[in-house]
Amino acid sequence: MRKFDRMEWPKRYKLKGSVIMLVILGMALGLIMHHRQNRALASQIEISNLSFDSWGSQYIELAYRIENKDTKAHKIKLLAQVWDSEGIELASSLFEIEIPAKTLQNRSKMLDRLQRSLKEDEIPGHANISLYLRKAF
């Protein structure tokens, strides 16, 4: 019976140290650029005048003012959170909005999925709306 010698496939070569250094340098530059873009976006978008418009046992409506100071439109993600007077989270929502360039808008957000129902004559304690920036890792 014949014996066949098979070639090693795929042939593996060790990467050179210079190629590995270039890959690491590229990753570091990418992370720095990502961090700078997030910081620039956070300085261009301003959220203010957060208040409770209305609330009931099953919903809370937040009103806020958002300003885009940049010269181009942005599609951004916002994170809205509401707590009761004891500091327990009542509701949170991650949502996306599109805001045109150089505009100041009054908007509202309805939170209708509460962690627990509001009790009779209970009012929400405090709220926060913040930019939800992309993370590198």
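Worth saying up front: this structure is predicted, and the values here are computed from it rather than measured.

Undergrad: Before we go on, may I ask you to explain the nonpolar core in this structure?
TA: If you look at the biggest cluster of nonpolar residues, it comprises 19 residues, and the most contacted ones within it are Ile-60, Leu-62, Tyr-64, Ile-66, Ile-76, Leu-78 and Ile-97. Only strand E2 (60-68), strand E3 (74-83) and strand E4 (89-99) provide two or more residues apiece to this core. In terms of residue count, the dominant contributor to this core is E4 (five residues). For Leu-78, the contacting residues outside a window of four places in its chain are Ile-47, Tyr-64, Ile-66, Ser-93, Leu-94, Phe-95, Ile-97, Ile-129, Ser-130, Leu-131 and Tyr-132.

Undergrad: Whenever I open this one, the environment of Tyr-132 confuses me. Can you help?
TA: The residue Tyr-132 is located in the segment after strand E6 (126-131) in this model. Taking the C-alpha atoms as reference points, Tyr-132 and Ala-80, 52 residues apart in sequence, are found 9.6 Å from one another. Excluding anything up to four places from it in sequence, Tyr-132 contacts Lys-77, Leu-78, Leu-79 and Leu-94.

Undergrad: In this structure, what is going on with the sheet that holds strand E5 (residues 103-111)? I would like to understand it.
TA: What holds strands together in a sheet is hydrogen bonding between their backbones, with the strands either parallel or antiparallel. Spatial ordering of the open sheet is given by E1-E2-E5, a layout of three strands whose pairing is antiparallel. The sheet terminates laterally at strand E1 (45-55) and E5, the two strands that pair on one side only. Strand-to-strand, the axes of this sheet are offset by a mean angle of 20°, without reference to chain direction. Note: E1 against E2, eight bridges, orientation antiparallel. Within E2, the position partnered with Ser-51 by the bridge is Ala-63. Across the sheet, helix H1 (residues 17-44) lies against E1 and E2, angled at about 60° from E1, the strand it touches most.

What counts as what
Residues numbered from 1 in each chain as written. Predicted model: local features only at pLDDT ≥ 70, side-chain atom pairs only at ≥ 80, totals over all residues. Heavy atoms only, no water. Core = buried A, V, L, I, M, F, W, Y, C linked by side-chain atoms within 4.5 Å. Buried < 20%, exposed > 50% of the residue type's maximum accessible area, 1.4 Å probe, protein only. Helix = DSSP H or I, 4+ residues; strand = E, 2+ residues; numbered from the N terminus. Contact = heavy atoms within 4.5 Å. Pairing = 2+ DSSP bridges. Axes fitted to C-alpha atoms, helices over the stretch in contact; angles between N-to-C directions.

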